[in-house]
Amino acid sequence: MSYEKHMRGYKDPRTFCHIDRLYAWKNNKFFAPATVEISPINICNQKCRYCYVHTKSNLIRKNKGLEKEIFIDIIKQCKEMSVGALHIQGTGEPLLHRGIVDAFHEIGRQNLPVYLTTNGVLLDKKMAREILPHATLVRFSNFEPEKKRYTYMHDCPTPTHYDEVVENIENAVMLRNELNLDVALTSTLYIDESNFERVPQYIKQLKSMGLDYVIVGEASWTSQTFIRERRPSTEITLKEKKILVEEISQACYKMCDNNFQVNFTPRIMPKKVMKGFLSDDWKKNSCQGIKFTASIASDGEVYPCWRFWGNKKYSYGNLYKCDLRTILQGQKTIDVFNYINTTPPEFDECEVCSIMELNNILGMLKNPTVWHNFLSC
């Protein structure tokens, strides 16, 4: 019952749970974000070839990240203004931050749900004992259970990274059982033309390690991606083998049970909702979802989304100078919001946006069709 126990409701609709926020949004009133993403540090111990934040990260001054006192204070501010949850990830590996343990202890004291995205290299037994008791979900980013390929795709400085992640995932599972913790343990798994036929064996191995949930998809290659070779022809190649990919997805789904689930979401799969949009798909006032989120960079700048990381012209403000509530209610935030909703993206950064589905829901709420009162037809 691992998936059912630790991730029950994970796939349920979430937007409609925020009745107060939806009412405030519809009536143009201020409300605290449902989710605040915090990027405590913008350096990483890997150089993943598919990493679409690499170029953005370089725009932010390399330093030791948020000062611990500021990091802790941000958590307190989020609780005070009724932010729903925190997401610790961003432009670097968050476990490199020297104050990460103290931050998670504060999150626990404030009783805030928190989602951590990590490559897992540093989540050893000692670190896990400090962090897991306070976490809602820990996601290991693109863990592919094949050492040579993992080392290549993550551009690891040493091949021991793979062994460390395997050991750390298994230890996290054991620790969760030992302490009876209610924390979900998940992973992403990226496929392309060179590995998709091995996905069922990957899924079998990940399930045996004790993970609750695996998202199988394709890396978000954009013009911001850190790669030394040309952009891969993944999408074209996989389209040519669509039937085989669908057969493989069904083989993966057969491994699902109450303890383990798979979400198979390559872009070529049927009924897949496009995550973001290119500039020619853009519509005025279509990005309303950014009011429900905020993104805090490792230098204290508060951005609407990753599109503007490192570009202080479009920062709402800086937490070293002002508190979060004042920043989010300020004129600069209004101006940036208006800019985003009147100016299409110049490049392809919005193609990987995770707010697009929320935007679609908000669009339907604001512009209902004639059918919205026919509840039972």
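For every chain, the first residue of its written sequence is number 1, and the numbers climb from 1 along that sequence. A pLDDT threshold of at least 70 governs which residues receive local features in this predicted model, and a stricter bar of 80 or more applies before side-chain atom pairs are shown or counted, although totals over entire chains, interfaces and linings include all residues. Side-chain measures were taken over the full set of non-hydrogen atoms in the model, leaving aside hydrogen atoms and water.

## A few points about the overall build of the protein
Point 1. Looking only at helices and strands, the protein has 14 helices and 10 strands in total.
Point 2. By the burial criterion, 53% of the 377 residues in the protein qualify as buried.
Point 3. Any two residues whose heavy atoms approach within 4.5 Å are treated as being in contact. Long-range pairs, those at least 24 residues apart, make up 76% of the contacts in the protein between residues at least 6 apart in sequence.
Point 4. Summed over all atoms, the accessible surface of the protein reaches about 18700 Å², with 52% contributed by carbon and sulfur. Only DSSP runs of H or I covering at least 4 residues are called helices, and only runs of E covering at least 2 are called strands; the numbering of each starts at the N terminus. For every residue, the accessible area obtained with a 1.4 Å probe (protein chains only) is divided by the maximum for its type, and the residue is called buried under 20%, exposed over 50%, and partly exposed between those limits. Where accessible areas are quoted, they stem from the Shrake-Rupley method and a 1.4 Å probe; at the residue level, only the protein chains shown are allowed to cover.

## Examining the packing of aromatic side chains
Point 1. Only Phe, Tyr and Trp rings are paired, with Trp represented by its six-membered ring, and only when their centres lie within 6.5 Å; those with planes under 30 degrees apart are stacked, over 60 edge-to-face, the remainder tilted. Under the criterion given, the structure shown has 11 aromatic pairs.
Point 2. For the ring pair Phe31 and Phe292, a centre distance of 4.8 Å and an interplane angle of 55° mean the geometry is tilted. Of this pair, Phe31 sits in the loop between helix H2 (19-26) and strand E1 (35-38) while Phe292 sits in the loop between strand E7 (261-264) and strand E8 (293-296), placing them 261 residues apart in sequence.
Point 3. The exposure class assigned to Phe31 is buried, which follows from its relative accessible area of 11%.
Point 4. You can call Phe292 buried: its relative accessible area is 4%.
Point 5. Taken together, a centroid distance of 6.3 Å and an interplanar angle of 65° make the contact between Phe308 and Tyr339 edge-to-face. A residue pair is termed long-range when its members are at least 10 positions apart, and Phe308 in the loop between strand E9 (301-303) and strand E10 (317-318) and Tyr339 in helix H13 (residues 331-340) qualify at 31 residues.
Point 6. What makes Tyr339 partly exposed here is its relative accessible area of 27%.

## Side note on the pattern of salt bridges
Point 1. A pairing counts as a salt bridge when a side-chain nitrogen of Lys or Arg comes within 4 Å of a carboxyl oxygen of Asp or Glu. One pass over the full model with this rule turns up 9 salt bridges.
Point 2. For Arg129, the salt bridge identified is with Glu178, shortest N-O distance 2.8 Å. In this pair, Arg129 is assigned in helix H6 (residues 125-131) and Glu178 in helix H8 (residues 160-179), connecting sequence segments 49 residues apart.
Point 3. With a closest N to O distance of 2.7 Å, Asp192 and Arg149 form a salt bridge. Residue Asp192 is located in the loop between strand E5 (184-190) and helix H9 (199-209), and its partner Arg149 is located in helix H7 (residues 147-153); the two are separated by 43 residues in the primary sequence.
Point 4. We classify Arg149 as buried; its relative accessible area is 12%.

## Digging into the side chain of Glu106
Point 1. Mapped onto the fold, Glu106 is located in helix H5 (residues 100-110).
Point 2. Those residues within four positions of Glu106 in sequence are excluded, and the remaining contacts are Ile72, Ile75 and Lys76.

## Considerations on the packing of helix H4 (residues 68-80) against H5
Point 1. Structural elements are reduced to axes, namely lines fitted to C-alpha atoms, with helices fitted over the stretch in contact, and the angle between N-to-C directions of any two is expressed from 0 to 180 degrees. At their nearest, the axes of H4 and H5 sit 10 Å apart, and the two run at 20° to each other. When the interaxial angle is binned, H4 and H5 end up roughly parallel. For the crossing formed where H4 meets H5, the hand is right-handed. Residue-level inspection shows Lys68, Phe71, Ile72, Ile75, Lys76 and Lys79 of H4 in contact with H5, the latter providing Ile100, Asp102, Ala103, Glu106, Ile107 and Gln110.
Point 2. Across the contact of H4 with H5, the residue classes break down as 6 nonpolar, 1 polar and 5 charged. Orientation is classified from the angle alone, with under 35 degrees giving roughly parallel, over 145 giving roughly antiparallel, 65 to 115 giving roughly perpendicular, and any other angle giving oblique. Crossing chirality is assigned from the near helix's rotation relative to the far helix, an anticlockwise turn below a right angle marking it left-handed and a clockwise turn marking it right-handed. Residues are sorted three ways: Asp, Glu, Lys and Arg are charged, Ala, Val, Leu, Ile, Met, Phe, Trp, Tyr, Cys and Pro are nonpolar, and all the rest, Gly among them, are polar.

## So, helix H11 (residues 242-253)
Point 1. Its 12 residues place the ends of H11 16 Å apart at the C-alpha level, agreeing with the 16 Å of an ideal helix rising 1.5 Å per residue.
Point 2. Here H11 has its buried residues at Val245, Ile248, Ser249 and Cys252. Viewed end-on, H11 has its buried residues packed into an arc of 105°, placing them on one side of the element. The exposed set on the far side of H11, more than 90 degrees from its buried face, consists of Ile243 and Glu247. By this rule, a helix spans an expected 1.5 Å times one less than how many residues it contains. The arc in question is formed by the directions pointing from the helix axis toward the C-beta atoms.

## Description of unusual backbone geometry
Point 1. The phi dihedral of Ser82 falls on the positive side, at around 70°, and the residue is not glycine.
Point 2. Relative to the assigned elements, Ser82 resides in the loop between H4 and strand E2 (85-88).
Point 3. A positive phi angle is found at Asn285, which is not glycine, with a value near 60°.

## Here's the deal with a nonpolar patch on the surface
Point 1. A patch consists of residues whose relative accessible area exceeds 30% and which take part in no salt bridge; residues with like charges are grouped when within 9 Å of each other, and nonpolar side chains (Val, Leu, Ile, Met, Phe, Trp, Tyr) when within 5 Å. A cluster of nonpolar side chains, Val370, Trp371 and Phe374, forms an exposed patch at the surface whose accessible area comes to about 390 Å².
Point 2. In this structure, Trp371 sits in the segment after helix H14 (356-366).

## Comments concerning the pairing of strand E6 (residues 213-217)
Point 1. Burial analysis of E6 places 5 of its 5 residues in the buried class, the great majority of the element.
Point 2. Side chains of E6 alternate between two faces, with Tyr213, Ile215 and Gly217 and Val214 and Val216 buried alike.
Point 3. Relative to E6, E5 runs parallel, the two sharing 5 bridges. Of the residues in E6, the one forming a bridge with Leu189 is Val216.
Point 4. Summarising the sheet, E6 and E7 pair through 4 bridges and their orientation is parallel. Opposite Val216, over in E7, you have Phe264 as the bridge partner. Pairing between strands is defined by DSSP: at least two bridges between them are needed.

## A short note on the nonpolar core
Point 1. With 91 residues, the main nonpolar core has Leu86, Val199 and Ile203 as its most contacted residues.
Point 2. A total of 7 residues in this core trace back to one element, the largest contributor, which is H8.
Point 3. If we ignore the near neighbours within four places in the chain, the residues touching Leu86 are Val36, Ile38, Ile75, Cys78, Ile107, Leu112, Pro113, Val114 and Tyr115.
Point 4. Met7, Ala184, Tyr213 and Ile215 belong to the second-largest nonpolar core, a separate cluster that totals 7 residues. The definition of a nonpolar core used throughout is a set of buried Ala, Val, Leu, Ile, Met, Phe, Trp, Tyr and Cys residues joined through side-chain atoms within 4.5 Å.

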